[in-house]
Each structure stands twice: as structure tokens, then as C-alpha cells.
Amino acid sequence: MLRARPLHFTSRIEDWNRFLTALGLVLTEGDGGFRVFDSAAGRLALHEVPDGDPRNGTTAFAVEVGDLAEFARRTNESAAGEGAAPAELVTVDHGEACRITGPDGFSFLADPAAHGAQCADADPALAVVAVWFSPDPEAAARTLRHVGARPRPNPDNDETADFTAKNGGILMVRPASGQPRSGLGFEYDGGLEPLRERLAAAGFPAGVTEEAFGSTLHVGNPDAAVFAASVPSTVWISERRAMG
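The structure contained in this document is the topic of the report that follows. Worth saying up front: this structure is predicted, and the values here are computed from it rather than measured. Each chain carries its own residue numbering, running from 1 in the written order of its sequence. Side-chain atom pairs in this predicted model are given and counted only at pLDDT of 80 or more, local residue features only at pLDDT of at least 70, and totals for whole chains, interfaces and linings cover all residues. As a rule here, side-chain values come from all non-hydrogen atoms in the structure, and water together with hydrogens is ignored.

1. Some remarks on the packing of aromatic side chains
Defined as follows: Under the pairing criterion, centres of Phe, Tyr and Trp rings, with the six-membered ring standing for Trp, must be within 6.5 Å; the plane angle then separates stacked pairs below 30 degrees from edge-to-face pairs above 60, leaving the rest tilted. Only runs of H or I of at least four residues qualify as helices and only runs of E of at least two qualify as strands under DSSP, and these elements are numbered from the N terminus. Only protein chains enter the calculation, and the probe is 1.4 Å; a residue is then buried if its accessible area is under 20% of its type maximum, exposed if over 50%, and partly exposed in between.
One pass over the full model with this rule turns up eight aromatic pairs. A centroid spacing of 6.1 Å and a plane angle of 65° characterise the contact between Phe-61 and Trp-132, whose relative ring orientation is edge-to-face. Remark: Trp-132 occurs in strand 11 (residues 126-134) and Phe-61 occurs in the loop between strand 6 (59-60) and strand 7 (62-65); sequence separation between them is 71 residues. Here the two residues Phe-61 and Trp-132 agree in accessibility, since each one is buried. One aromatic cluster is present, formed by Phe-61, Phe-106, Phe-108 and Trp-132 through successive ring pairs.

Right, here's the structure in full:
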């Protein structure tokens, strides 16, 4: 199995709790400094940190899998033709995990899945999107294929790549200069206006940007008061349009 489950660090966990609830996710684990929210496709974990923590307002690219050892074996078997073994079983501060390292030096964790089903009460049109920004997008995309992500049609240029995770969520690769990094977004399978109205009613006004292949809502980031170059001013929710 493979499910998107990025990890967001924030000193404003209650603001994020309200935002994610308005967005249509449902709290399924935790109620303190660590919380996990389910969407209809993918999950998002929140980890509370104090003001001044360098991680504040940032997101770690991460996934959930079933059996860690089997996941590592299959990933390395897939990459063997390139002479690579990107998966390594590790012990981290929260337990056992598998670390995946791409050719660009970017690494992320695969954690054992806490449960198998998505929350039936979540908005069925919403998906969690984890983004890998890389100076070598082609190599990053190969790595995601090795972990079992499924490519899907992409309307953008050849330097971008979109994948779905078998058990929920979307993984994206986007070209970027400098050090590789991760990002967070959401995707909505339907018109954005009802979602915009729902967010505004909850105190999260959003603006709509029209793009060549769909519309995108930009909502004020609950971490906007964290003044750092790594913290975007908005959170985006893209409209999903069928290809073809």
C-alpha cells in the first residue's frame, strides 16, 4: 500500500485545525500537539512546534505504507536497474520507518499506516497533495515510480510529473532551483465556488486564480505570521479537471 501523508509543523495548530476542518478533512488521530486529519484521498499530520522553531510553517514530504520491510524490498528491487538502492529501514524518534533518498539528495520517510480506511465523513472531492520541488525533476519522478506511485496525465511541460498513491493522495514533482524541498497543497474534484464560500464562512477568505488547465483557490496561510522565506503566504487548492 501507499498513501500520501505529509507532515506539517506549526506553532498555530488550532488555526490549522479550524482550517482543515473547514476544508473538509476530519480529525482521526490525536487531539494535542500531534494530530492526523483524513481527506477522501490522503492524510495530513500536524506537529506542534514553538515559535522560533526553524521547522515552523514547513511541511515534510511523507507517505504511509503497509509493511516497511516489504516496501523497502520492492523499492530497491525496482531501482536496481539504475544501480541504486534508495530505501533504507531506519529508527527515528517516533519509531520504525523507511527512509527514501532521491538522486538530488532529498529524502523522505515512509511510516507504517495507522489504519487502512479513509474517513467516510471527509469531503469526498478533496485530496491531499505532497510536492517534491527538485533541481532534477526527472530523477525525482523516477524515485516516486520506484516507491509504487502511479503516474497520471499532466497538462504541464515535461519537467513536471503527477502521481497518485494507491491508497489515497497525490504526489507531485515540480522543477526548482537550489536545494530540493517539499510543499503542501490540495486538489478538489469539482467546482471551487462552493468550497470558497465554505472557507469564507469559517473565516478563511480565498481568492480564485484562473489558469490554463483549471482554477486555483489561494487561502491565507494559517502560518502567515511566521516570517520566513520557506513559509508561503497562501495555501492552494487546485481544481481537478479530467484530461482527454
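2. With respect to helix 2 (residues 68-79)
Heads up, the rule is: One less than the residue count of a helix, multiplied by 1.5 Å, gives the span that helix is expected to have. The arc in question is the one spanned by the directions pointing from the helix axis to the C-beta atoms. Contact criterion: two residues are considered in contact whenever any of their non-hydrogen atoms come within 4.5 Å of each other. Pairs of N or O atoms within 3.5 Å make up the polar contacts considered here, provided that, within protein, one atom can donate a hydrogen while the other can accept it, and that residues adjacent in sequence are counted only when both atoms are side-chain atoms.
Relative to the 16 Å expected for twelve residues at 1.5 Å per residue, helix 2 spans 17 Å between its end C-alpha atoms, a close match to the ideal helical length. When helix 2 is considered as a whole, its buried residues turn out to be Leu-68, Phe-71, Ala-72, Thr-75 and Ala-79. One face of helix 2 carries all of its buried residues, which in axial projection span an arc of 95°. Those residues of helix 2 that are exposed and aimed more than 90 degrees away from the buried face are Arg-74 and Glu-77. Packing partners of the buried residues in helix 2 comprise strand 1 (2-4), strand 7, strand 8 (87-92), strand 9 (95-101), strand 10 (107-112) and helix 3 (137-146). N-capping of helix 2 is provided by Asp-67, with a side-chain oxygen placed 3.1 Å from the backbone N of Ala-69.

3. Some details on the side chain of Asp-53
Within the secondary structure, Asp-53 sits in the loop between strand 5 (43-48) and strand 6. At a separation of 2.8 Å, a polar atom in the side chain of Asp-53 contacts the main-chain amide nitrogen of Arg-55.

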